[in-house]
Amino acid sequence: MPANDHNAEETLDPQDWGKAAALAHRMIDDAITHVSNVRDRPVWKPMPDSVRAFFKAPLPQAQGDVTEAYEALTENLFPYSMGNIHPRFWGWYMGSSNFTGALADFLAAIEGSNLGGGNTAASELDRQVVSWLKSMTDFPASASETLTSGGSMANLVCLTVARNVKAGIDVRAEGVMTLPKPLRFYASDQAHSCIQKGLEILGLGAKSLHLIASKPDFTMDVAVLEAAIAADKAKGLEPVCVVATAGTTNTGAIDDIKTIAEICGRNKLWMHVDGCIGALLKIAPANKFKVDGIELADSLSLDPHKWLHAPFEVGCALVKDAKQHRDSFALHPAYLEEKQRGIGSGEFLADYSLELSRNLKALKVWLSLKENGVEKFGRLIDQNIAQAKYLTGLVNVEPRLELMAPTSINIVCFRYVFAGADEMQLKTVNSEIMLRLQEQGIAAPSDTTINGRHCIRAAITNHRTKQEDLTLLVEEVLRLGGELTSKS
Ligand SMILES: *Cc1c(COP(=O)(O)O)cnc(C)c1O
């Protein structure tokens, strides 16, 4: 140790806590303004070059001023966000966050525990939130669970357990190269891309995913599934798992869960449900019947940062057989030995996940559930579905618009149509309509292509959306479509 006096020893704590408190209060005041005024701002605006340049400044070497840095963020960061907290954001598939959840994320960071393990109240809170998520989705209390960064990671956790349980060998010890037969997983051609990515990462290859054709309503054709399982068996392949999607990303279609469960039972296959969109329908009184049977699954993934509007990020994997789940992930080297007493006692949460260090992401779910109650979240889901029905009605009565898929829940796919246009011209015009809606800050739908036909897609997972916002969307699509196709 250098022979300095102890005052020379450094810390990251503020030297002036009064100044730190003033800045913290200012941040909270600004945050309240930012969220409460969101409707008055454009949904999104493109960044000027000055902002890109700001984020190219070199690594700070010496002490700076945190207040100045914060002020720079109010100019360079906040005005150019994605817009997903705005009432007219319906792109891709996201929740719209909530203020209480954001405060909870701050409190979680202040509390500071690492959720990999530990005899802490934070671990108890994490367990409480996942037990609530189990009861929300009608999963039994005996099921195991882990909170994840999101749905992609939740699906990976579940696919890992499915692979390990059904492989017929000790995959953890032997690896996939010793599998006697190539494994096959089944999902509809509408399944999310993270299923394929997951199987690639698990060493099984994209070819291990046998995509099953969907029907005109974009749900999996279960007759094709049965035939595919039989044909793969005849070829010497090993069918192991069906991934049913409860709410597809393209159109919100919900696979025939009960029939798929029955097929899995008969063929002794693992049944996984990707419920990143639809699992939470279970809490929505008017629509919960649509996901009857997801509780039959061996594993279920869901995404509280979608329809529970938790600030990013939080996903969840549930596995019916806790032992099978633990057997896939538990590993205790000397430095993580289980203890009977002390900080490290109790079961490690990391025994159920590939992630070791984790934050207290459960707190944002906990606090907003305490504030609003699960019934309100359920009503908000029903509200979004009613809004999607309203938008669908507007599309259906407007001859210049065409509905591109049945509206199953909260996703509406439609396009602007005009006389004499081919698919290529329709794609050009509808892409331009979507981009101008975004660039003019009016609304943020995204787009997709279904059965080779391009369309604008509005996924209404937004507790701030009002019916009038959807009326405006239709008006603006018609305005832009008219401008783009009029021969001036
Ligand atoms: C969003 C989504 C995912 C991926 O979830 P992330 O939280 O974005 O990782 C997986 N499946 C479906 C059906 C989804 O909609």
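Residues numbered from 1 in each chain as written. Predicted model: local features only at pLDDT ≥ 70, side-chain atom pairs only at ≥ 80, totals over all residues. Heavy atoms only, no water.

Student: Explain the sheet that holds strand β9 (residues 401–403) to me, please; I cannot follow it from the model alone.
Tutor: Pairing within the open sheet is mixed, and its five strands lie in the order β1-β11-β12-β10-β9. The sheet is open, and its two borders are formed by β1 (89–90) and β9, each paired with just one other strand. Relative to strand β12 (residues 453–459), strand β10 (residues 411–416) runs antiparallel, the two sharing four bridges. Its bridge partner being in β12, Ile-411 is matched across the sheet by Ala-459. Its contacts with the sheet put helix α15 (residues 467–485) on β1, β9, β10, β11 (444–450) and β12, and the angle it makes with β10 is roughly 25°. (Pairing = 2+ DSSP bridges. Helix = DSSP H or I, 4+ residues; strand = E, 2+ residues; numbered from the N terminus. Contact = heavy atoms within 4.5 Å. Axes fitted to C-alpha atoms, helices over the stretch in contact; angles between N-to-C directions.)

Student: Explain the environment of Ile-385 to me, please; I cannot follow it from the model alone.
Tutor: By the secondary structure assignment, Ile-385 is in helix α13 (residues 362–397). Along the sequence, Ile-385 and Thr-461 sit 76 residues apart, while their C-alpha atoms lie 8.9 Å from each other. For Ile-385, the contacting residues outside a window of four places in its chain are Leu-281, Asn-287, Lys-290, Trp-307, Ile-409 and Asn-410.

Student: Looking at this structure, I do not really get helix α3 (residues 66–76). What am I missing?
Tutor: In an α-helix, one turn spans 3.6 residues; hence positions three or four apart end up facing the same way. Among the residues of α3, those classed as buried are Thr-67, Tyr-70, Ala-72 and Asn-76. Residues of α3 that are buried in the fold lie against α1 (17–36) and α2 (49–54). (Buried < 20%, exposed > 50% of the residue type's maximum accessible area, 1.4 Å probe, protein only.)

Student: Which parts of the structure should I look at to understand the packing of helix α5 (residues 121–136) against α13?
Tutor: Axis angle and axis distance: for two packed helices, these are the angle between their axes and the distance between the axes, and together they describe the pair. Taken N-terminus to C-terminus, the directions of α5 and α13 make an angle of 55°; their axes are 9 Å apart at the nearest point. Between α5 and α13, the angle falls in the class oblique. Once α5 is placed against α13, the crossing between them reads as left-handed. On the side of α5, the interface is formed by Leu-125, Asp-126, Gln-128, Val-129, Trp-132 and Met-136, while α13 contributes Ala-362, Leu-363, Val-365, Trp-366, Leu-369, Lys-370 and Val-374. For the contact of α5 with α13, a count of residues per class yields 10 nonpolar, one polar and two charged. (Parallel < 35°, antiparallel > 145°, perpendicular 65-115°, else oblique. Left-handed = near helix turned anticlockwise from the far one by under 90°. Nonpolar A, V, L, I, M, F, W, Y, C, P; charged D, E, K, R; others polar.)

Student: Explain the layout of surface pockets here, please?
Tutor: Gaps left between atoms are located by rolling a probe of water-molecule size over the structure's atoms. Quantified by volume, the largest pocket comes out at close to 1,200 Å³. Lining the largest pocket are 39 residues, with Ala-31, His-34, Val-35, Phe-78 and Ala-102 sitting closest to its centre. Taken together, the elements giving at least two residues each to the lining of the largest pocket come down to α1, α3 and α4 (99–111). The element that contributes the greatest number of residues to the lining of the largest pocket is α1, accounting for seven residues. (1 Å grid on protein atoms, 1.4 Å probe; cavity = no way out; pocket = protein on both sides within 12 Å on 5 of 7 lines; lining within 4 Å. Points joined across faces, edges and corners; volume = space filled by probe spheres on them.)

Student: What exactly am I supposed to notice about unusual backbone geometry here?
Tutor: Across residues other than glycine, the phi torsion is negative in most instances, and most of the peptide bonds are trans. Cis peptide bonds are those with omega within 30 degrees of zero, and the linkage from Phe-312 to Glu-313 qualifies with 5°. With respect to the helices and strands, Glu-313 occurs in the loop between α11 (304–307) and β8 (315–319). Residues other than glycine seldom take positive phi values, yet Phe-218 does so here, at roughly 70°. Mapped onto the fold, Phe-218 is located in the loop between β4 (209–212) and α9 (222–234). Residue classification places Phe-218 among the buried positions, given a relative accessible area of 4%.

Student: Mind showing me how you'd approach the sheet that holds strand β6 (residues 270–274) here?
Tutor: Strands in a sheet are paired, the pairing made by backbone hydrogen bonds, and the direction either parallel or antiparallel. Strand order in the open sheet formed by seven strands is β2-β8-β7-β6-β5-β3-β4, with mixed pairing between adjacent strands. Of all the strands in the sheet, just β2 (144–148) and β4 have a single pairing partner and so form its edges. Taking each pair of neighbouring strands and ignoring which way they run, the sheet shows an average axis angle of 20°. Two strands pair when backbone bridges link them, and β6 and strand β7 (residues 299–302) are joined in this way by three bridges, in the parallel orientation. When the sheet's bridge partners are listed, His-272 is paired in β7 with Ser-299. Packed onto the sheet, helix α8 (residues 193–201) meets β3 (183–188), β4, β5 (238–245) and β6 and runs at close to 160° relative to β4. Along the sheet, helix α10 (residues 257–267) makes contact with β5 and β6, crossing β6 at roughly 155°.

Student: Would you take a moment to explain the pattern of salt bridges for this structure?
Tutor: Between side chains of opposite charge, pairing is possible as soon as their charged atoms come close. All chains considered together, the criterion is met by 27 salt bridges. As a salt-bridge pair, Lys-235 and Asp-232 come within 3.8 Å of each other at their nearest N and O atoms. Between Arg-453 and Glu-402 there is a salt bridge, with the nearest N and O atoms lying 3.5 Å from each other. Residue Arg-453 is located in strand β12, and its partner Glu-402 is located in strand β9; the two are separated by 51 residues in the primary sequence. By relative accessible area, Arg-453 is classed as partly exposed at 29%. (Salt bridge = Lys/Arg side-chain N within 4 Å of Asp/Glu carboxyl O.)

Student: It is not clear to me how the state of the cysteines should be interpreted in this structure. Could you clarify?
Tutor: The final tally for this structure, using the stated rule, is zero disulfides. As a non-bridged cysteine, Cys-276 has Cys-194 as the owner of its nearest cysteine sulfur, 6.1 Å distant. Exposure remark for Cys-276: the relative accessible area of 8% places this residue in the buried category. With no disulfide of its own, Cys-316 has Cys-158 as its nearest cysteine by sulfur position, at a separation of 8.5 Å. On the basis of relative accessibility, which here comes to 0%, the residue Cys-316 falls in the buried class. (Disulfide = S-S within 2.5 Å.)

Student: Sorry, what's going on with the domain arrangement of the chain here?
Tutor: Frequently, the measure chosen for interface size is the accessible area that the parts lose on association. By domain assignment, the chain separates into domain 1 (17–80), domain 2 (103–373) and domain 3 (375–486). Once you take the C-alpha centre of each, domain 1 and domain 3 turn out to be 33 Å apart. Listed by partner, the interface residues are seven residues for domain 1 and nine residues for domain 3. Interface area for domain 1 against domain 3, summed over the two sides, is near 580 Å², with a carbon-plus-sulfur share of 54%. Of all residues in domain 1, the largest losses of buried area upon contact with domain 3 belong to Arg-39, Val-43 and Trp-44, amounting jointly to 73% of the total for that side. The shortest N-O distance in the salt bridge between Arg-39 and Asp-469 comes to 2.9 Å. (Domains from an automatic or database assignment. Buried area = accessible area lost by both parts, 1.4 Å probe.)

Student: Quick question: what am I supposed to make of the packing of aromatic side chains here?
Tutor: Two descriptors summarise a pair of aromatic rings, namely the distance from one centre to the other and the angle between the planes of the rings. The final tally for this structure, using the stated rule, is four aromatic pairs. An angle of 85° between the planes, with centres 4.9 Å apart, marks the rings of Phe-54 and Phe-55 as edge-to-face. Pairing Tyr-93 with Trp-307 gives two aromatic rings, centres 6.5 Å apart and planes at 85°, and the pair type is edge-to-face. In this pair, Tyr-93 is assigned in the loop between β1 and α4 and Trp-307 in helix α11, connecting sequence segments 214 residues apart. When the ring centre of Phe-139 is taken as reference, the NZ or CZ atom of Lys-320 above it lies at 4.9 Å. (Phe/Tyr/Trp six-rings, centres within 6.5 Å; stacked < 30°, edge-to-face > 60°. Lys NZ or Arg CZ within 6 Å of the ring centre and 35° of its normal.)

Student: What is the right way to look at the nonpolar core in this model?
Tutor: Nonpolar side chains in soluble globular proteins tend to be buried together. Grouped together as the largest cluster of nonpolar side chains are 68 residues, with contacts concentrated most on Leu-225, Ile-260, Met-271 and Val-273. By residue number, the principal contributor to this core is α13, which donates seven residues. There are two domains that each give this core at least three residues, and those are domain 2 (103–373) and domain 3 (375–486). Residues within four places of Val-273 in sequence aside, it is in contact with Ala-244, Ala-246, Ile-257, Ile-294, Ala-297, Ser-299, Leu-300 and Ser-301. Judged by nonpolar contacts, the second largest core, of 27 residues, contains Ala-191, Cys-241, Val-243 and Trp-270. (Core = buried A, V, L, I, M, F, W, Y, C linked by side-chain atoms within 4.5 Å.)

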